Amino acid sequence: MSHTLTRSLVGLALLAALAAGCSSSSSPAKPSTPPSHSVTAPAHNSIPQNNGGDHDGDNNGGPSDGDGNL
Amino acid sequence: MSDRRRAIASLPRRVVGTAAVGVLAVAAVIAGVLAASASGTSGSSPARAFGLPAAGSAPAGWHRATLAGGAAVLAYPPVMQLVSSDRGAASAAQLSSSGEYLLYLNATPKQGDESLRNWPQFRLGHLTDDDASSAHELATISGVRFLGGTGTCVKDDYVTKVGAHHFTEIACFVQGRTSASVIVAAAPTASWASLSGLLGRAIAGYVVR
């Protein structure tokens with residue numbers, strides 16, 4: 001009986017902790033996230049570099065603009 | 001006292017001890033959830049954690065560039081000047097005497113499938129598809145308040161295909177009431193720490209409609 005009661009209390013505590021953790025998804029704004037992944041360039045390039053494309057600075061080694069790749 | 005009786009006598013302390021540990025664990029989890037919820041209810045708090053000041057008018061003396069149709073207004077400090085950009089977009093930069101970019105701001109109307117939800121993935125994918133040989137996400141944030149709208153921002157660094165220049169940027173997709181656009185603030189990674197405050201002020205002063 002003692003072991004049964006102990007196991008029941010531990011199980012109840014774990015369930016409560018799990019339920020509390022799951023309830024955090026309702027926040028409307030997410031804080032910053034830790035570093036997640038890196039991306040390397042694919043084999044194809046949508047806009048040719050070295051003045052081969054739309055002559056943006058970002059096709060010549062400058063910072064990238066906010067275009068949507070159209 | 002028999003073994004059975006000793007076991008029964010020790011039962012309450014073991015039960016109480018186990019229960020106490022369980023209650024403390026649950027209380028700690030609940031406290032953490034409440035603290036996270038409290039910080040997420042204010043649009044400015046996550047932005048500060050991301051390194052952005054709260055949205056507000058650009059400082060006096062800053063210049064302004066308006067996107068076509070008045071969709072957004074980009075404010076930039078006097079040390080920067082307008083530079084060439086895509087049709088319908090606006091870019092401002094501070095260049096060194098040798099033409100290297102020291103500061104860069106860009107505002108562009110929404111052109112593709114970018115959205116508040118997919119912006120971080122869209123941006124990093126676009127960087128490597130377009131200009132960068134590699135790009136690394138540093139942080140993301142959603143629910144950022146802008147003047148006239150709400151945005152999702154990603155902070156990342158990347159290396160350009162041409163010249164292997166290393167830039168750090170904050171790029172935000174901002175949804176206004178009637179339009180959506182992107183603001184990009186970038187600087188060489190080596191000087192990002194000293195320039196990010198100025199660029200963050202430009203992001204905070206971005207106005208959308």
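Residues numbered from 1 in each chain as written. Chains lettered and ligands numbered in written order. Predicted model: local features only at pLDDT ≥ 70, side-chain atom pairs only at ≥ 80, totals over all residues.

Colleague: Would you take a moment to explain the overall build of chain B for this structure?
Modeller: The helix and strand tally for chain B stands at 4 helices and 10 strands. Ordering the α and β elements of chain B from the N terminus gives α-α-β-β-β-β-β-α-β-β-β-β-α-β. The buried share of chain B, taken over its 209 residues, is 40%. (Helix = DSSP H or I, 4+ residues; strand = E, 2+ residues; numbered from the N terminus. Buried ≥ 20, exposed ≤ 12 C-beta atoms within 10 Å, placed from the backbone.)

Colleague: Just to check I follow, could you spell out helix H3 (residues 119–130) of chain B for this structure?
Modeller: Turn by turn, an α-helix covers 3.6 residues, leaving residues three or four places apart pointing in a common direction. All names here are of chain B. End to end, H3 covers 16 Å across 12 residues, agreeing with the expected 16 Å (1.5 Å per residue, within 8%). Counted residue by residue, H3 has 9 buried out of 12 residues, so it is predominantly covered. Within the span of H3, buried status applies to Trp119, Pro120, Phe122, Arg123, Leu124, His126, Leu127, Thr128 and Asp130. (Expected span 1.5 Å × (residues − 1).)

Colleague: I keep staring at the confidence of the model for chain B and nothing clicks. Help me out?
Modeller: Predicted coordinates in areas of low pLDDT are best not read in detail. All names here are of chain B. Chain-level pLDDT for chain B is 86 on average; 78% of the residues reach the 70-or-more range. Low confidence marks residues 31–44, where pLDDT is under 50. Its contacts with residues over four positions away, or in another chain, come to 21 contacts. Complex prediction metrics read pTM 0.69 and ipTM 0.77. (pLDDT = per-residue confidence, 0-100. Contact = placed C-beta atoms within 7 Å.)

Colleague: What is the right way to look at helix H4 (residues 192–204) of chain B in this model?
Modeller: Residue and element names in this part refer to chain B. With 13 residues, H4 should reach 18 Å at 1.5 Å per residue; the first-to-last C-alpha distance of 17 Å fits that figure. Along its length, H4 reaches its greatest deviation from straightness, about 25°, at leucine 198. Regarding H4, the residues found buried are Leu199, Ala202, Ile203 and Ala204. Taken together, the buried residues of H4 touch strand E2 (72–76), strand E5 (101–109), strand E8 (166–176) and strand E9 (180–188). (Bend = angle between axes of the 7 residues up to and from the residue.)

Colleague: I tried to follow the confidence of the model for chain A on my own but got confused; where do I start?
Modeller: All names here are of chain A. Chain-level pLDDT for chain A is 55 on average; 17% of the residues reach the 70-or-more range. Low confidence marks residues 17–31, where pLDDT is under 50. Its contacts with residues over four positions away, or in another chain, come to 31 contacts. Across residues 42–53 the pLDDT falls below 50, and counting only partners more than four positions away or on other chains, this stretch makes 18 contacts in the model.

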